[in-house]
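Residues per chain are reported as follows:
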Amino acid sequence: MPVIAPWPAARPAQIPTGREDTDDAMAAGTTVDHLTETYRAHYRSLLGLAALLLDDTASCEDVVQEAFIRVHSARRRVRDPEKTLAYLRQTVVNLSRSALRRRILGLKLLSKPMPDMASAEEGAYEQLERDQLIKAMRGLQRRQREVLVLRYFADMTEAQVAETLGISLGSVKAYGSRGIAALRVAMEAPA
């Protein structure tokens, strides 16, 4: 069990009786000088604490400095001068958590990068080819178009196409080869 030492003898034992005594007790441990000295003495350890929670040095320094500013502005809440460092540490931890939350939220909100896209000219050329292919497909016989769509766009085997259309495997092969030949001719012809 830890031993709790009594207050130093130099400090007179007073029992606060009024508002002015309470203000003196609050101000005694939370003066600007005491806070500044605590900050200077423990700056490296506070920076190390932030470094354990964050990933870059600039953010760690920002968090530690912000912690000093926040504790400085709220120093009246620190009644015990021995707890000044604890307040600074807790503020560093809280600010580090907030920084990480902002980063995570920012990453979630960022739109995903677009895949490498072709230039506008390439896109226009691909659209023209696509339009030409659709026009050529419309010019095929119905069975040829059905076989090619099922075989190449639906990625079915020849047997699956034959079963789906209710025709023989030989007919699927014949319609497919004739349809491809017709597409080649249509696509090579000047538009």
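Remember, predicted model here, so these are calculated numbers, not experimental data. (Residues numbered from 1 in each chain as written. Predicted model: local features only at pLDDT ≥ 70, side-chain atom pairs only at ≥ 80, totals over all residues. Heavy atoms only, no water.)

Any chance you could explain the overall build of the protein here in plain terms?
Looking only at helices and strands, the protein has eight helices and zero strands in total. Across the 191 residues that make up the protein, the buried fraction comes to 23%. Just so you have it, the protein exposes about 14,500 Å², and 57% of that area is on carbon and sulfur atoms. (Helix = DSSP H or I, 4+ residues; strand = E, 2+ residues; numbered from the N terminus. Buried < 20%, exposed > 50% of the residue type's maximum accessible area, 1.4 Å probe, protein only. Areas by Shrake-Rupley, 256 points an atom, 1.4 Å probe, with all protein chains shown as cover.)

Looking at this structure, how should I read helix α8 (residues 169-188)?
Every α-helix winds through 3.6 residues per turn, so residues three or four apart in the chain are directed the same way. Between the first and last C-alpha of α8 there are 29 Å, a value that for 20 residues agrees with the 28 Å anticipated at 1.5 Å per step. For α8, the full list of buried residues reads V172, G176, G179 and L183. The buried residues of α8 occupy one face: seen down the axis, they fall within an arc of 70°. Opposite the buried face of α8, by more than 90 degrees, sit the exposed residues R178, R184, V185 and E188. Taken together, the buried residues of α8 touch α5 (120-138), α6 (142-153) and α7 (158-165). (Expected span 1.5 Å × (residues − 1). Arc of directions from axis to C-beta. Contact = heavy atoms within 4.5 Å.)

Just to check I follow, could you spell out the environment of A51 for this structure?
Within the secondary structure layout, A51 lies in helix α2 (residues 32-53). When its relative accessible area of 41% is taken as the criterion, A51 is described as partly exposed. C-alpha separation for the pair A51 and V63, spaced twelve residues apart in sequence, amounts to 9.8 Å.

Hey, could you run me through the nonpolar core in this one?
A general tendency of soluble globular proteins is for nonpolar side chains to be buried together. If you look at the biggest cluster of nonpolar residues, it comprises 17 residues, and the most contacted ones within it are Y39, L46, A50, V63, V64, L88 and V92. Sort the elements by how many residues they give to this core and helix α3 (residues 57-73) lands first, with six residues. Sequence-distant contacts of L46, defined by excluding residues within four places in its chain, comprise Y39, V64, L85, L88, R89 and V92. The next biggest cluster of nonpolar side chains, apart from the first, holds seven residues, and it includes V147, V161, A162 and I167. (Core = buried A, V, L, I, M, F, W, Y, C linked by side-chain atoms within 4.5 Å.)

Got a minute to help me understand the packing of aromatic side chains in this structure?
Note on aromatic pairs: each is described by the distance of the centres and the angle between the planes. All chains considered together, the criterion is met by two aromatic pairs. Taking 4.5 Å as the distance between ring centres and 35° as the angle between the ring planes, the aromatic pair formed by Y39 and F68 counts as tilted. Here Y39 is found in helix α2, whereas its partner F68 is found in helix α3, with 29 residues between them in sequence. No difference in accessibility class separates Y39 from F68, as the two residues are buried. In this structure an aromatic cluster arises from ring pairing among Y39, Y43 and F68. The ring centre of Y152 lies 5.6 Å from the NZ or CZ of R151, which sits over that ring. (Phe/Tyr/Trp six-rings, centres within 6.5 Å; stacked < 30°, edge-to-face > 60°. Lys NZ or Arg CZ within 6 Å of the ring centre and 35° of its normal.)

Is there a simple way to think about the confidence of the model for the protein in this case?
Low-confidence regions, as indicated by low pLDDT, have predicted coordinates that should not be scrutinised in detail. With 80% of its residues at a pLDDT of 70 or more, the protein has an overall mean of 80. Taking the mean pLDDT of every element in the protein, the minimum, 45, falls on helix α1 (residues 19-29) and the maximum, 93, on α8. (pLDDT = per-residue confidence, 0-100.)

Before we go on, may I ask you to explain the pattern of salt bridges in this structure?
A complete count under the given rule lists five salt bridges for this structure. R143 is the partner of E146 in a salt bridge, and the nearest nitrogen-oxygen pair spans 3.5 Å. Taken together, the positions of E146 and R143, both in helix α6 and three residues apart, correspond to about one turn of that helix. Given the relative accessible area of 24%, E146 is considered partly exposed. Overlapping salt bridges bring together R142, R143 and E146 as one network. (Salt bridge = Lys/Arg side-chain N within 4 Å of Asp/Glu carboxyl O.)

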